[in-house]
Amino acid sequence: MGIVTYPDEALRGRSSPVENIDKEVVSLADGMTEALFRAEGIGLAAPQVGVLKRLIVVNVEDDFHIVVNPEIVQTNEEKESAAEGCLSIPGPEADVERPTRVEVRGYDLDGNEVKLTREGLAARVFLHEVDHLNGTLFIDHLSETARSATLKEYRNARKEENTGAAA
Ligand code: NI
């Protein structure tokens, strides 16, 4: 399962809730998990493999979760800014301000309710992945200046990749 990259239109769509956790959903979750591990990433959302369904996989320091229909039910007031990147915008990183703690609810692949409270990097990843389900990318949280600098870095990196120049 390949990861789509910016500006693929799948990244801007709004994902639909998963109605039934059927074979197709399980196989989507398997494919996403494999893609995440292959990319050595820490989170991946279904739109990033071109499927507009509300499904995410997160793996922060071996804390691995597949969450179906994830919802951020609570965030704390405190925010912190930290470097963030995205497997669909490979290369650049930029500082994004996010709440430091989240409560996430959803379902696992057996249909059991999942309720997680996470802080720091894991909280950031859950927020980033749920954003993807709503067509929001980390660059959307940046100032206009930071966003154009980030996209410029991304385009330059891709250009070098495509021409085979060493980077
Ligand atoms: Ni991302």
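Let us look at the structure shown here. Note that the coordinates shown come from a computational prediction; the quantities given were computed from them, not determined experimentally.

One ladder, built from six bridges, connects strand β2 (residues 55-60) with strand β3 (residues 63-75); its direction is antiparallel. Looking across to β3, one finds that V57 is bridged to I66. The turn joining β2 and β3, which pair antiparallel and follow one another in sequence, is formed by two residues; a positive phi near 50° is taken by E61. Taken together, the five bridges between β3 and strand β6 (residues 101-107) define a ladder with antiparallel strand orientation. In the sheet register, T75 faces β6, and the bridge partner there is V102.

Attention shifts here to the sheet that holds strand β1 (residues 43-45). Strand order in the open sheet formed by five strands is β1-β2-β3-β6-β7, with antiparallel pairing between adjacent strands. The strands lining the two open edges of the sheet, one partner per strand, are β1 and β7 (113-119). Within this sheet the neighbouring strands show an average axis-to-axis angle of 40°, counted without direction. The pairing of β6 with β7 spans seven bridges and is classified as antiparallel. Bridge pairing in β7 links V102 to R118. Its contacts with the sheet put helix α1 (residues 23-38) on β1, β2 and β3, and the angle it makes with β2 is roughly 35°. The sheet strands contacting helix α2 (residues 120-133) are β1, β2, β3, β6 and β7, and the helix crosses β2 at an angle near 160°.

Turning next to the coordination of the nickel ion. Surrounding the nickel ion are the protein donor atoms C86 (SG), H128 (NE2) and H132 (NE2), at 2.1 to 2.3 Å. All donors to the nickel ion come from one chain, and their sequence spacing reads C-x41-H-x3-H. Here H128 and its partner H132 are both found in helix α2, four residues apart, which amounts to about one turn of the helix. Relative accessible area serves as the criterion here: at 1%, H132 is assigned to the buried category.

Right, let's talk about the environment of D8 for a bit. Note on placement: D8 falls in the segment before α1. In this structure the C-alpha to C-alpha distance between D8 and G50, which are 42 residues apart in sequence, comes to 8.6 Å. Of note is the side chain of D8, whose polar atom sits 2.9 Å from the backbone nitrogen of A10.

Taking 1.5 Å as the rise per residue, α1 with 16 residues should run 22 Å; its terminal C-alpha atoms sit 22 Å apart, in good agreement. Inspection of α1 places V25, L28, A29, G31, M32, T33, A35 and L36 among the buried residues, and these make up the whole buried set. Residues of α1 that are buried in the fold lie against β1, β2 and β3. One or two residues past the end of α1 sits E40, with phi positive at roughly 55°.

Conventions used here
Residues numbered from 1 in each chain as written. Predicted model: local features only at pLDDT ≥ 70, side-chain atom pairs only at ≥ 80, totals over all residues. Heavy atoms only, no water. Pairing = 2+ DSSP bridges. Helix = DSSP H or I, 4+ residues; strand = E, 2+ residues; numbered from the N terminus. Axes fitted to C-alpha atoms, helices over the stretch in contact; angles between N-to-C directions. Contact = heavy atoms within 4.5 Å. Donors = N, O, S within 2.8 Å, 3.2 Å for Na, K, Ca; no water. Buried < 20%, exposed > 50% of the residue type's maximum accessible area, 1.4 Å probe, protein only. Polar contact = N/O pair within 3.5 Å; in protein donor to acceptor, adjacent residues only side chain to side chain. Expected span 1.5 Å × (residues − 1).

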